[in-house]
Each structure stands twice: as structure tokens, then as C-alpha cells.
Amino acid sequence: ARKDHQAMLKFLAINCVLGIFVGIVLTAAMLYFDVGGFMTRVSHSSTPFVAVLLVAFPLSLLLGGASMSTAIMMMPYEKKFED
């Protein structure tokens, strides 16, 4: 049973990291394509790192959580119904 729990936690961690990575890539794409003048505003900011962090961090957390919850919903539950 312990091995099953470790496998599930590893599965969820991998999905979370993938979601966070997508959030970072999406933030980079928003900067690169200057969506809504985002890069322009960041480049004129006195603290550009904070401005990017205020977008990247919540977006990455949101997509990491969404990826984990999607992984949970897509998990097969055959063992649950065999009993």
C-alpha cells in the first residue's frame, strides 16, 4: 500500500511541475508577444522582476493546481470497483 501512495504522489508531483512549467512558458510568451502591452509596461517599470513575478507566480500556481486536479479526475479507479 505504501508503494501505491508513493507512486500516486510522484504522479501528482510530475503533473504539478508540468503545470507550473506551462505557466512560466505562458508568461514568457505574454512577454515576447507583448500581450496587452505587458512587455512595454514591464520594460518601463522600476522593478521589472516584481512585475513579471506578480504575473508568473499566480499563473503557475493556478495551472499547476489545474494540472493536478485534472490528473486526479483522469486516474483509473478499476480497483475501487472490484470489491
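Residues numbered from 1 in each chain as written. Predicted model: local features only at pLDDT ≥ 70, side-chain atom pairs only at ≥ 80, totals over all residues. Heavy atoms only, no water.

Draft legend 1. Structural detail: a nonpolar patch on the surface. Together, F49, V50, L53, L54, F57 and L61 make up an exposed nonpolar region whose accessible area comes to about 650 Å². Here F49 is to be found in helix α3 (residues 48-74). What makes F49 exposed here is its relative accessible area of 62%. (Patch = residues over 30% accessible without salt bridge, like charges linked within 9 Å, V, L, I, M, F, W, Y side chains within 5 Å. Areas by Shrake-Rupley, 256 points an atom, 1.4 Å probe, with all protein chains shown as cover. Salt bridge = Lys/Arg side-chain N within 4 Å of Asp/Glu carboxyl O. Helix = DSSP H or I, 4+ residues; strand = E, 2+ residues; numbered from the N terminus. Buried < 20%, exposed > 50% of the residue type's maximum accessible area, 1.4 Å probe, protein only.)

Draft legend 2. Structural context of the environment of T70. Turning to its location among the elements, T70 is positioned in helix α3. Look at T70 and you get partly exposed, because its relative accessible area is 39%. Through-space distance from the C-alpha of T70 to that of F49 is 31 Å; in sequence the pair is 21 residues apart.

Draft legend 3. Spatial organisation of the side chain of S60. Tracing the backbone shows S60 in helix α3. Excluding its chain neighbours within four sequence positions, the residues that come into contact with S60 are G19, I20, G23 and I24. (Contact = heavy atoms within 4.5 Å.)

Draft legend 4. A look at the packing of aromatic side chains. Across all of its chains, the model carries 1 aromatic pair by this definition. Relative to F33, the ring of Y32 lies with its centre 4.9 Å away and its plane at 85°, an arrangement referred to as edge-to-face. In this structure Y32 comes out as exposed when scored by relative accessible area, which is 68%. (Phe/Tyr/Trp six-rings, centres within 6.5 Å; stacked < 30°, edge-to-face > 60°.)

No statement about biological role is implied by the geometric values presented.
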